[in-house]
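One letter stands for each residue in the lines below.
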Amino acid sequence: MRTTVSRVIERRWPLPVPERIPAWARPRDGRGSLAVLAIVIGAGAGGGAIVFRWLITTFTRLLSGHPDYSGLGHVPNPHVPWLGPYFVLLAPVAAGLLYGPLVSRFAPEARGHGVPEVMYAVAERGGRIPPQVTVVKALASALCIGGGGSVGREGPIVQIGSAWGSSVGRLTGVPAHRLRILVACGAAGGIAATFNAPLAGPFFAMELILREFTVESFGAVVLSSVTATVIGRAAFGSAPFLTLPAFTLRSGWEYLIFAVLGVVIGAVGVGFTRLLYLIEDACDWAWRGPEWLRPAVGGPALGALLLVLPQMYGVGYPVLANAIDGKYVLWMLLILMVGKMIATSLTIGIGGSGGVFAPSLFIGAMGGTAFGIVVHQLFPAVTAAPGMYGLIGMGAAFAGATRAAITGVIILFELTGEYTIILPLMLAIVLATGTSQLLSRETIYTLKLARRGVHLGAPPRPQPAAA
């Protein structure tokens, strides 16, 4: 159900009327105006990524007492030391009391993992996203992650950037087909800035948001991605997102093992998808109160899981890096893999706001490293270090969940800067994608839309002309 604010916006601003727009801001038919808008959107998405990451750090420090709690173990919150490690029972409740009413009142679209809402806006609404989503999604997701929500920041920044792109496009009165491109520009800029991944951003936008490749759209999303990356690097630096030891292949026979890894971890990605919606359905069935209260009431269940596995607190990139570095034994890796599936699903199920992109990478790192430990013990002379299997597993789990094979290959290369993993990565991701297609008709993103009766493979609906 749309909020009063959303209804007012749609009634007063369904699409801009050209006469209401200043002459200098009216779009032209040439590609120059699209390029300028792409740069503006990329700059906004890059700035949004900086602000969003600052918000996450700020709320995490406020609610846990540390910049990132996931890798610290059962340590107390220095703000409330008398609670000891039990403060994690209350952190999700406090966060939920703040972001629950915010989302319910101003932007219900900000609930959940974000990317399906952008896909829906592009496919069914001509790229129109309410402008308030930009602010609400940033605050809600930062509060959710800061309060222990086991979700990622990439899905939210995609929705934040896309809402910004939609707002710029509607303000300048671009036609519907270009408004969709500007939404994709925002998504590309958000991914590029937050991951320092100028190649992955455009391919994510083309493969998942637009679901088509054209010269016009590709040029625009590249401009946006480059602009956002320059701004992001000014704030975060230009080093690869993950700093890892160098890995090398030991034997040509190892490609057969990587093929098996792709099939196994691809199936794990599908399992994550099914568990996510199973737990979300269970939470929907159990909850009978107002939606604004749901995150706070569900908070103790998430807190109990965090008390057992503090590694699930927030995004968890330090834990992911520790797994690749070989700092966990086999049984712990398996526990962390299953724990992340449950924690992310529960966070979304209780009404949390955050992405599933980073959790899929986390799950793949744990599962892949565990697989690597097993095969390295069986075939020590012909297999690489287990961490290399963890890296490949990250891409395989992402591909198994999203079926975005091109994005998976490129983003893992850009995250690590490791060219030596390209061939086994491509092999594993292709097989993971094929496994996903065999096991499931939908992906982790499209299943949410299919459950609403929206099938993205169907011909697009005709869009109404501007009033």
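Note that this is a predicted model, so its numbers are computed, not measured. (Residues numbered from 1 in each chain as written. Predicted model: local features only at pLDDT ≥ 70, side-chain atom pairs only at ≥ 80, totals over all residues. Heavy atoms only, no water.)

*Asks:* Could you clarify how one ought to interpret the overall build of the chain in this entry?
*Replies:* Scanning the chain for helices and strands turns up 18 helices and 0 strands. Of the contacts made within the chain by residues no fewer than 6 positions apart, 81% connect residues no fewer than 24 positions apart. Summed over its atoms, the accessible surface of the chain is roughly 18,100 Å², and 69% of this surface lies on carbon and sulfur atoms. (Helix = DSSP H or I, 4+ residues; strand = E, 2+ residues; numbered from the N terminus. Contact = heavy atoms within 4.5 Å. Areas by Shrake-Rupley, 256 points an atom, 1.4 Å probe, with all protein chains shown as cover.)

*Asks:* Please explain the packing of helix α14 (residues 357-378) against helix α15 (residues 386-402) as it appears in this structure.
*Replies:* Any two packed helices are characterised by the angle at which their axes cross and by the distance between the axes. Where α14 meets α15, the closest approach of the two axes is 6 Å, and the angle between their N-to-C directions is 140°. What the angle tells us is that α14 and α15 run oblique. Crossing geometry of α14 relative to α15 is assigned as right-handed. Contacts between α14 and α15 involve F357, S360, L361, G364, A365, G368, T369, F371, G372, I373, V375 and H376 on the former and, on the latter, P386, Y389, G390, G393, M394, A397 and F398. Considering only residue class, the contact of α14 with α15 consists of 11 nonpolar, 8 polar and no charged. (Axes fitted to C-alpha atoms, helices over the stretch in contact; angles between N-to-C directions. Parallel < 35°, antiparallel > 145°, perpendicular 65-115°, else oblique. Left-handed = near helix turned anticlockwise from the far one by under 90°. Nonpolar A, V, L, I, M, F, W, Y, C, P; charged D, E, K, R; others polar.)

*Asks:* What is the right way to look at the environment of G368 in this model?
*Replies:* Along the chain, G368 turns up in helix α14. With 20 residues separating them in the primary sequence, G368 and M388 have C-alpha atoms 8.2 Å apart. Once you skip the residues sitting within four places of it in the chain, G368 turns out to touch L261, I265, P386, Y389, G390 and G393.

*Asks:* Is there a simple way to think about a nonpolar patch on the surface in this case?
*Replies:* Judged by side-chain polarity, L330, L334, V374, L378 and F379 come together as a nonpolar surface patch covering roughly 420 Å² of accessible area. At the level of secondary structure, the elements contributing two or more residues to the nonpolar patch comprise α13 (330-349) and α14. Inspection of the secondary structure puts L334 in helix α13. Exposure remark for L334: the relative accessible area of 40% places this residue in the partly exposed category. (Patch = residues over 30% accessible without salt bridge, like charges linked within 9 Å, V, L, I, M, F, W, Y side chains within 5 Å. Salt bridge = Lys/Arg side-chain N within 4 Å of Asp/Glu carboxyl O. Buried < 20%, exposed > 50% of the residue type's maximum accessible area, 1.4 Å probe, protein only.)

*Asks:* Please clarify how the environment of I191 should be interpreted in this entry.
*Replies:* With respect to the element layout, I191 can be found in helix α7 (residues 176-195). Owing to a relative accessible area of 0%, I191 belongs among the buried residues under this scheme. The spacing of I191 and F203 is 12 residues in sequence and 10.0 Å in space, taken between C-alpha atoms. With sequence-adjacent residues up to four places away left out, I191 is seen in contact with E154, I157, V158, N196, A200, G201, F204 and F357.

*Asks:* Honestly, the packing of α15 against helix α16 (residues 405-416) in this entry has me stumped. Any pointers?
*Replies:* Direction vectors running N to C along α15 and α16 enclose 145°, while the axes themselves pass 9 Å from each other. Viewed along their axes, α15 and α16 form a crossing whose handedness is right-handed. Here L391, M394, G395 and F398 of α15 lie close against α16, whose contacting residues are T407, G408, L412, L415 and T416. Its residues placed into classes, the contact of α15 with α16 shows 5 nonpolar, 4 polar and no charged.

*Asks:* How should the packing of aromatic side chains be read in this particular structure?
*Replies:* Each aromatic ring pair is specified by the distance between its two centres and by the angle formed by the two planes. Across all of its chains, the model carries 9 aromatic pairs by this definition. Residues Y69 and F87 carry aromatic rings whose centres are separated by 5.2 Å and whose planes lie at 85° to one another, so their mutual orientation is edge-to-face. Linking Y69 in the loop between α2 (31-64) and α3 (91-106) with F87 in the loop between α2 and α3, this pair joins segments that are 18 residues apart in sequence. For the pair Y69 and F87, a shared accessibility class is recorded, and that class is buried. (Phe/Tyr/Trp six-rings, centres within 6.5 Å; stacked < 30°, edge-to-face > 60°.)

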